Amino acid sequence: MASSRGSGSGVGGLGAEMEKMSVEQLKAVKEQTDLEVNLLQDSLNNIRTATSRLEIASSALRDLSLRPQGQKMLVPLTASLYVPGTLDDADRVLVDVGTGYFVEKTMTEGKEYCERKINLLKSNFDQLVEVASKKKSIADEAGAILHSKLKQLSPAS
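Residues numbered from 1 in each chain as written. Predicted model: local features only at pLDDT ≥ 70, side-chain atom pairs only at ≥ 80, totals over all residues. Heavy atoms only, no water.

As annotated in an unreviewed UniProt entry, the protein chain is Prefoldin subunit 5 from Trapa natans. In the Sequence similarities (unreviewed entry) part of its UniProt record, the protein chain is described as follows: "Belongs to the prefoldin subunit alpha family." (UniProt positions renumbered as here; feature names shortened; annotations may be inferred.)

1. A few points about the pairing of strand S2 (residues 82–86)
Successive side chains on a regular strand alternate, one facing one side of the sheet and the next facing the other. For strand S1 (residues 72–76) and S2, the ladder comprises 5 bridges, and the chain directions are antiparallel. Bridged to Met73 within S2 is Gly85. Where S1 folds back onto S2 in an antiparallel hairpin, the turn is made up of 5 residues. (Pairing = 2+ DSSP bridges. Helix = DSSP H or I, 4+ residues; strand = E, 2+ residues; numbered from the N terminus.)

2. Thoughts on unusual backbone geometry
At Thr99, a residue that is not glycine, the phi angle is positive and equals roughly 45°. Along the chain, Thr99 falls in the loop between strand S3 (92–98) and strand S4 (101–106). A relative accessible area of 77% places Thr99 in the exposed class. (Buried < 20%, exposed > 50% of the residue type's maximum accessible area, 1.4 Å probe, protein only.)

3. Focus on a nonpolar patch on the surface
Judged by side-chain polarity, Val75, Leu77 and Leu81 come together as a nonpolar surface patch covering roughly 250 Å² of accessible area. Locating Leu77 in the fold gives a position in the loop between S1 and S2. The exposed category is assigned to Leu77, whose relative accessible area is 54%. (Patch = residues over 30% accessible without salt bridge, like charges linked within 9 Å, V, L, I, M, F, W, Y side chains within 5 Å. Areas by Shrake-Rupley, 256 points an atom, 1.4 Å probe, with all protein chains shown as cover. Salt bridge = Lys/Arg side-chain N within 4 Å of Asp/Glu carboxyl O.)

4. Quick look at the side chain of Thr51
Counting through the fold element by element, Thr51 comes out in helix H3 (residues 23–66). Judged by its relative accessible area of 10%, Thr51 falls in the buried class. Ignoring sequence-local partners within four residues, the contact set of Thr51 consists of Ile118, Leu121 and Lys122. (Contact = heavy atoms within 4.5 Å.)

5. A short note on the side chain of Lys105
Of note, Lys105 is situated in strand S4. Ignoring sequence-local partners within four residues, the contact set of Lys105 consists of Asp91, Arg92, Val93, Val95, Gly110 and Tyr113.

6. What about the environment of Glu36?
Positionally, Glu36 belongs in helix H3. As a C-alpha pair, Glu36 and Val131 span 95 residues in sequence and 9.8 Å in three-dimensional space.

7. A few points about the packing of H3 against helix H4 (residues 107–153)
Geometrically, a packed helix pair is captured by the angle between its two axes and the distance between the axes. The contact between H3 and H4 brings their axes to 7 Å, and the two run at 160°. It follows from the interaxial angle that H3 and H4 lie roughly antiparallel. The way H3 lies across H4 gives a crossing that is left-handed. In the contact of H3 with H4, the residues fall into 28 nonpolar, 9 polar and 14 charged. (Axes fitted to C-alpha atoms, helices over the stretch in contact; angles between N-to-C directions. Parallel < 35°, antiparallel > 145°, perpendicular 65-115°, else oblique. Left-handed = near helix turned anticlockwise from the far one by under 90°. Nonpolar A, V, L, I, M, F, W, Y, C, P; charged D, E, K, R; others polar.)

8. Brief notes about the pattern of salt bridges
Counted according to the given criterion, the structure contains 6 salt bridges. Put simply, Arg92 and Glu104 hold a salt bridge, and the shortest N to O gap is 2.9 Å. Of the two residues, Arg92 sits in strand S3 while Glu104 sits in strand S4, which places them 12 residues apart along the sequence. Owing to a relative accessible area of 36%, Arg92 belongs among the partly exposed residues under this scheme. The closest approach of N and O atoms between Asp140 and Lys136, which form a salt bridge, is 3.0 Å. One end of the pair is Asp140 and the other is Lys136, both in helix H4 and 4 residues apart, which spans about a single turn.

9. Overview of the nonpolar core
The biggest cluster of nonpolar side chains holds 15 residues, and the ones touching the most others in it are Leu44, Ile47, Leu54, Leu61, Val93 and Leu128. In terms of residue count, the dominant contributor to this core is H4 (8 residues). For Val93, the contacting residues outside a window of four places in its chain are Leu61, Leu64, Val103, Glu104, Lys105, Thr106, Met107 and Gly110. Membership of the second largest hydrophobic core comes to 8 residues, among which are Met18, Ala142, Ile145 and Leu146. (Core = buried A, V, L, I, M, F, W, Y, C linked by side-chain atoms within 4.5 Å.)

As structure tokens, then:
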């Protein structure tokens, strides 16, 4: 199998192995890879959502840094609940670092934190897309081989 991977596709060697599998084994491979593709798609959606939230937070930090001290504003407590507040110090922000923990940072450090996390998520996203694409190819090939084997087993009409 290792020698066939060097030829480019990476799935080609696995295809030859799948040709030798029984119908039940092919069904199991197809189901497993379909499940893995679905899990990867869920992970990709979660990464997209997290990236979007960080981009919104980064934009909010930019907007906040432009406001003068003492300005009245609405502060979001939840997605739909805002309370009136006054900007005390635009140079210090609280950054949510996960699981309910917040760290006080300077405005610049807060922006840098958001950018680092965005870059990390985009890198992870690109890697997951590649893995999902390979898994999808395996699932498609297993499905095609399974279909042809089932066609051979069914009596000609």
